[in-house]
Amino acid sequence: MRWIAPTEKDLATETLEKRLWTAADELRANSGLTSAQYGQPILGLIFLRFADAKFAARRAALDKVATGRRGSRVDEPTAYHEKGVLYLAPAARFDGLRDYPEGGKNGKSLGQAIDDAMRAIEEANPQLSGVLPKAYSGFNARLLKELLKIFSTIPVDLEGDSFGKIYEYFLAEFAMAEGQGGGEFYTPLSIVRLLVEILEPFKGRVLDPACGSGGMFVQSARFVAEHRKNGATDELSIHGVEKVDSTGRLCRMNLAVHGLEGTIRHGGELNSYYDDPHNAVGSFDFVLANPPFNVNNVDKDRLKDAVGPSRRFPFGLPRPDNANYLWIQLFYSALDASGRAGFVMANSASDARNSEQEIRKQLIESRAVDVMVSVGSNMFYTVTLPVTLWFLDRGKPKERRDKVLFLDLRNIYRQIDRAHRDWTEAQIGFIANVVRLYRGEQVDLTFGGAEADAKLRDVFGKNPKYADVAGFCKVASVKEIEAQGWSLNPGRYVGVAPGEEVTDEDFKAQFEALNEELETLTAEARKLEETIAKNAAEILQP
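Residues numbered from 1 in each chain as written. Predicted model: local features only at pLDDT ≥ 70, side-chain atom pairs only at ≥ 80, totals over all residues. Heavy atoms only, no water.

**Observations concerning the side chain of Lys 455**
Link 1 in the chain: Mapped onto the elements of the fold, Lys 455 is located in helix H15 (residues 449–460).
Link 2 in the chain: Buried charge Lys 455 goes without a salt bridge, the closest partner of opposite sign being Asp 458 at 4.2 Å.
Link 3 in the chain: Leaving out residues up to four positions away in the same chain, Lys 455 has contacts with Met 1, Trp 3 and Phe 430. (Helix = DSSP H or I, 4+ residues; strand = E, 2+ residues; numbered from the N terminus. Buried < 20%, exposed > 50% of the residue type's maximum accessible area, 1.4 Å probe, protein only. Lys, Arg positive; Asp, Glu negative; His and termini not counted. Salt bridge = Lys/Arg side-chain N within 4 Å of Asp/Glu carboxyl O. Contact = heavy atoms within 4.5 Å.)

If you want it as structure tokens, here you go:
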């Protein structure tokens, strides 16, 4: 199946985000600063503008209801906190900083004034303690003045999640500009959105043990809000772990901009391989993650006590110096009896051999593997390699217990530019509903709308019902997976649609399958030869 969507942009919202980015990036180019030096301070100023807009709206509301007996509460921090709004002391308000003299005032530079504003916000709002950037005194005052002018053009009456979308847009642009380093904290929006649409995290405890800037949490909350039409996102309990302290702070700012709260552990010596700050085993309803791939030099001696049933690594430690199967087990073991996980993984993990194959076999035999998805190249900003999305479900019903759905999405995408691809809302809605058909759930077109509906009917009939489609989707039994050497590579199962060319990747998968079959037959032939020789020797013995 092939569905290449035309490039199109939502001009109504992107104009503002892109205009802000273009203006801010031009200033960076003239400043001599790198994207890495520039990123967090810029995101901090967007956060400041967001916090100020929310504060001003709450202050106006408090001013209207002021009574003569009790008096005004406009200067009471608790009057803001009780509505989930940050309190801003006079020195931390955006307009005052925008109008601050470029040459400084009373011996204090503009950069120092912004640093003090960030400290004042943290002091009045302890949940942000140690989170906000405070390195503005090292910036050129002209640059800061121009940036404050640019961000002052963001309308304060933006509704819904508009500030969050601006923050996300800047995160994505910084990820693209910074290359590999930036990509470590950013998973492209369409990948996250598909994970969430398939996982359906309506309520419960959500864990991301490699949470980066928190995109998985933001999209989970957005999923609830959209699919339940004003749904209560506070039914999600957010828990994250981030090794890099500065990225963990980005995550906490991201949650705050989206009106979310969570327990995010980050920095110091914290490391998800060795540390379990949320006592995760068996305690989460959902796990979402995009962990670093193919990490080596993990000290396995430190993990020995966490190996075994009902522990963090229930299926044992892989012998190769590669952490992929450590992450996969961390995700599996964190789930409760009905928990679901969705995560990004290197393609190589689906077919890895030897001890990793044995771990994968145990995972498949646990009946937790639900859906496997092949994703084509160029979907990430900083790497071109294709990846696989894994979905686990520890509460699979009896009728699906011995089945796994394989999807091949390598021919479904939208070309953003020469080097990058994504999925449209309609494509994501279509794919998520194919999974719903497989699960026997009702079609939900909240995301994807009429275009997703039309595609669904085009491929699966007027009254859509799941069926295997060559080159796109295939439901395989555990027995079939065993016959394929416990491979979870979708290319081995979905095949190629009539008329489509076999790609190099398909050829490799088919060749490996045939080679495995040849090895098995050869081994059986050797055993038969030995048996025949032994029997012949006994018959001919005098």
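**Topic: the environment of Lys 361**
Link 1 in the chain: Here Lys 361 is to be found in helix H13 (residues 354–365).
Link 2 in the chain: Sequence spacing of Lys 361 and Glu 482 is 121 residues, and the spatial spacing of their C-alpha atoms is 8.1 Å.

**With respect to the domain arrangement of the protein**
Link 1 in the chain: Under the domain assignment used here, the protein contains domain 1 (3–171) and domain 2 (179–402).
Link 2 in the chain: Here the C-alpha centre of domain 2 lies 31 Å away from the C-alpha centre of domain 1.
Link 3 in the chain: Facing 19 residues of domain 1, the contacting portion of domain 2 comprises 17 residues.
Link 4 in the chain: For the pair domain 1 and domain 2, the two sides together bury roughly 1600 Å², of which 61% comes from carbon and sulfur.
Link 5 in the chain: Here domain 1 is connected to domain 2 by one salt bridge.
Link 6 in the chain: Linking Arg 222 and Glu 168 is a salt bridge whose minimum nitrogen-to-oxygen distance equals 2.7 Å. (Domains from an automatic or database assignment. Buried area = accessible area lost by both parts, 1.4 Å probe.)

**Focus: the nonpolar core**
Link 1 in the chain: Within the largest apolar cluster, 62 residues are counted, with the highest numbers of intra-cluster contacts made by Tyr 38, Leu 43, Phe 47, Ile 114, Leu 147, Phe 151 and Phe 170.
Link 2 in the chain: Breaking this core down by element, the ones donating at least two residues are helix H1 (11–31), helix H2 (35–64), helix H3 (77–81), helix H4 (94–98), helix H5 (110–124), helix H6 (141–151), helix H7 (162–178) and helix H11 (245–257).
Link 3 in the chain: Considering each element in turn, this core owes the most residues, twelve residues, to H2.
Link 4 in the chain: Here this core gathers at least three residues from each of two domains, domain 1 (3–171) and domain 2 (179–402). (Core = buried A, V, L, I, M, F, W, Y, C linked by side-chain atoms within 4.5 Å.)

**What about the packing of aromatic side chains?**
Link 1 in the chain: Summed over all chains, the structure comprises 24 aromatic pairs.
Link 2 in the chain: By way of ring pairs, the aromatic residues Tyr 273, Tyr 274, Tyr 325, Trp 327, Phe 331, Phe 343 and Trp 390 are connected into one cluster.
Link 3 in the chain: Residue placement shows Arg 193 over the ring face of Phe 447; its charged tip is 4.0 Å from the ring centre.
Link 4 in the chain: Between Lys 455 and the ring centre of Trp 3, over which it is positioned, the NZ or CZ distance is 5.0 Å. (Phe/Tyr/Trp six-rings, centres within 6.5 Å; stacked < 30°, edge-to-face > 60°. Lys NZ or Arg CZ within 6 Å of the ring centre and 35° of its normal.)

**Brief notes about the sheet that holds strand E5 (residues 284–289)**
Link 1 in the chain: An order of E4-E3-E2-E5-E6-E8-E7-E9-E12 is seen for the nine strands of this open sheet, with the pairing classed as mixed. Each having just a single partner strand, strand E4 (262–266) and strand E12 (473–477) make up the two edges of the open sheet. For this sheet, the mean angle separating the axes of adjacent strands, direction not counted, is 15 degrees.
Link 2 in the chain: Pairing of strand E3 (residues 236–242) with E4 involves five bridges; the strand directions are parallel. Residue pairing in the sheet places His 239 in a bridge with Thr 263 of E4. (Pairing = 2+ DSSP bridges. Axes fitted to C-alpha atoms, helices over the stretch in contact; angles between N-to-C directions.)

**Remarks on the sheet that holds strand E10 (residues 412–415)**
Link 1 in the chain: In spatial order, the strands read E1-E10-E11; together these three strands make up an open sheet with mixed pairing. Lying at the two open borders of the sheet, with one neighbouring strand each, are strand E1 (3–5) and strand E11 (421–422).
Link 2 in the chain: Bridge analysis of E1 against E10 gives three bridges, and the strand direction is parallel. From the neighbouring strand, Trp 3 faces E10, where its bridge partner is Ile 412.

**Structural notes on the pattern of salt bridges**
Link 1 in the chain: Within the structure shown, the criterion is met by 32 salt bridges.
Link 2 in the chain: Arg 59 is the partner of Asp 75 in a salt bridge, and the nearest nitrogen-oxygen pair spans 3.2 Å. Here Asp 75, found in the loop between H2 and H3, pairs with Arg 59, found in helix H2; they are 16 residues apart in sequence, far enough to count as distant.
Link 3 in the chain: The salt bridge involving Asp 95 is made with Arg 98; its shortest N-O contact spans 3.5 Å. Note that Asp 95 and Arg 98 are positioned in helix H4 at a spacing of three residues, about one turn of the helix.
Link 4 in the chain: Classification of Asp 95 by relative accessible area gives partly exposed; the value is 36%.
Link 5 in the chain: Connected through shared salt-bridge partners, Arg 193, Glu 197, Glu 200, Glu 226, Arg 340, Asp 370, Asp 393, Arg 400, Arg 436, Arg 439 and Glu 441 make up one network.

**Overview of the pairing of strand E7 (residues 369–375)**
Consecutive side chains of a regular strand alternate in pointing toward one face of the sheet and then the other.
Link 1 in the chain: Counting buried positions over the seven residues of E7 gives seven, a clear majority of the element.
Link 2 in the chain: One ladder, built from six bridges, connects E7 with strand E8 (residues 387–393); its direction is antiparallel. Following the sheet pairing, Val 375 is matched in E8 by Val 387.
Link 3 in the chain: Two elements, E7 and strand E9 (residues 403–408), share four bridges in a ladder whose sense is parallel. Looking at the pairing, Val 373 lines up with Leu 407 of E9.

**Quick word on the environment of Ser 109**
Link 1 in the chain: On the secondary structure map, Ser 109 appears in the loop between H4 and H5.
Link 2 in the chain: As a C-alpha pair, Ser 109 and Tyr 136 span 27 residues in sequence and 9.7 Å in three-dimensional space.
Link 3 in the chain: When near neighbours in sequence (up to four residues on either side) are disregarded, Ser 109 contacts Tyr 100 and Gly 104.

**Considering H5**
Given 3.6 residues to a turn, an α-helix orients residues that are three or four positions apart in the same direction.
Link 1 in the chain: The end-to-end C-alpha distance of H5 is 21 Å, a good match for the 21 Å that 15 residues give at a rise of 1.5 Å each.
Link 2 in the chain: The buried fraction of H5 is high, at eleven of 15 residues.
Link 3 in the chain: Taken residue by residue, H5 has Leu 110, Gly 111, Ala 113, Ile 114, Asp 115, Ala 117, Met 118, Ala 120, Ile 121, Glu 122 and Ala 124 as its buried positions.
Link 4 in the chain: If you follow the buried residues of H5, they end up packed against H2, H3, H4 and H6. (Expected span 1.5 Å × (residues − 1).)

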